[in-house]
Amino acid sequence: IDEDPTGLNAPMSTWVAGHAALWLRDVEKARGAVERAFGDTGWSLAGARSFEAGIRALEGHPREAAASYDVVLAGRLTAGDRFAHAQMVVDAATVLPAEVLPEDTVASARAYLEGIGAAPLLARLDRSVVATIRTVS
């Protein structure tokens, strides 16, 4: 991303870096993905907004983060981008406490990921949901 911030692979690299940062619960790296935002419309803007929601959750504002995730997730479904939606649900499950993580959203993402055979993302989703539930218990 630093080598060629406007290059062909920069948007996808930033997207992947943002998800990885949230999964690692690394606020600074997630901020780096937002700072390197790769556009101001559609998929690009949704990615930046999703990472911002994750940052809010990691900084101790789970309800505000959940409300932001609701908007971004609804937008991805409206756009017909179920894969990005599912990835963002994995992020949300990683950073949000169970009481603000809508079960129907998780179930929808899980069904989609099962349908396309995305075993690594399913495993990440399951680990995140289990960890979230343990934190609440």
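Residues numbered from 1 in each chain as written. Predicted model: local features only at pLDDT ≥ 70, side-chain atom pairs only at ≥ 80, totals over all residues. Heavy atoms only, no water.

Undergrad: It is not clear to me how the packing of aromatic side chains should be interpreted in this structure. Could you clarify?
TA: Two numbers describe a pair of aromatic rings. These are the distance of the centres and the angle of the planes. Counted under the stated rule, the structure contains one aromatic pair. Summarising the aromatic geometry, the rings of Trp15 and Phe51 are spaced 6.1 Å apart at their centres and angled 55 degrees between planes, so their arrangement reads as tilted. Taken as a pair, Trp15 in helix 1 (residues 10-23) and Phe51 in helix 3 (residues 42-58) lie far apart in primary sequence, 36 residues in all. This pair shows no difference in class: Trp15 is buried, exactly as Phe51 is. (Phe/Tyr/Trp six-rings, centres within 6.5 Å; stacked < 30°, edge-to-face > 60°. Helix = DSSP H or I, 4+ residues; strand = E, 2+ residues; numbered from the N terminus. Buried < 20%, exposed > 50% of the residue type's maximum accessible area, 1.4 Å probe, protein only.)

Undergrad: Even after reading the chapter, I still don't get the side chain of Ser128, so can you show me in this structure?
TA: By the element assignment, Ser128 lies in helix 7 (residues 119-136). Judged by relative accessible area, Ser128 falls into the buried class, the value being 6%. Setting aside chain neighbours within four positions, we find Ser128 in contact with Val90, Ala93 and Thr94. (Contact = heavy atoms within 4.5 Å.)

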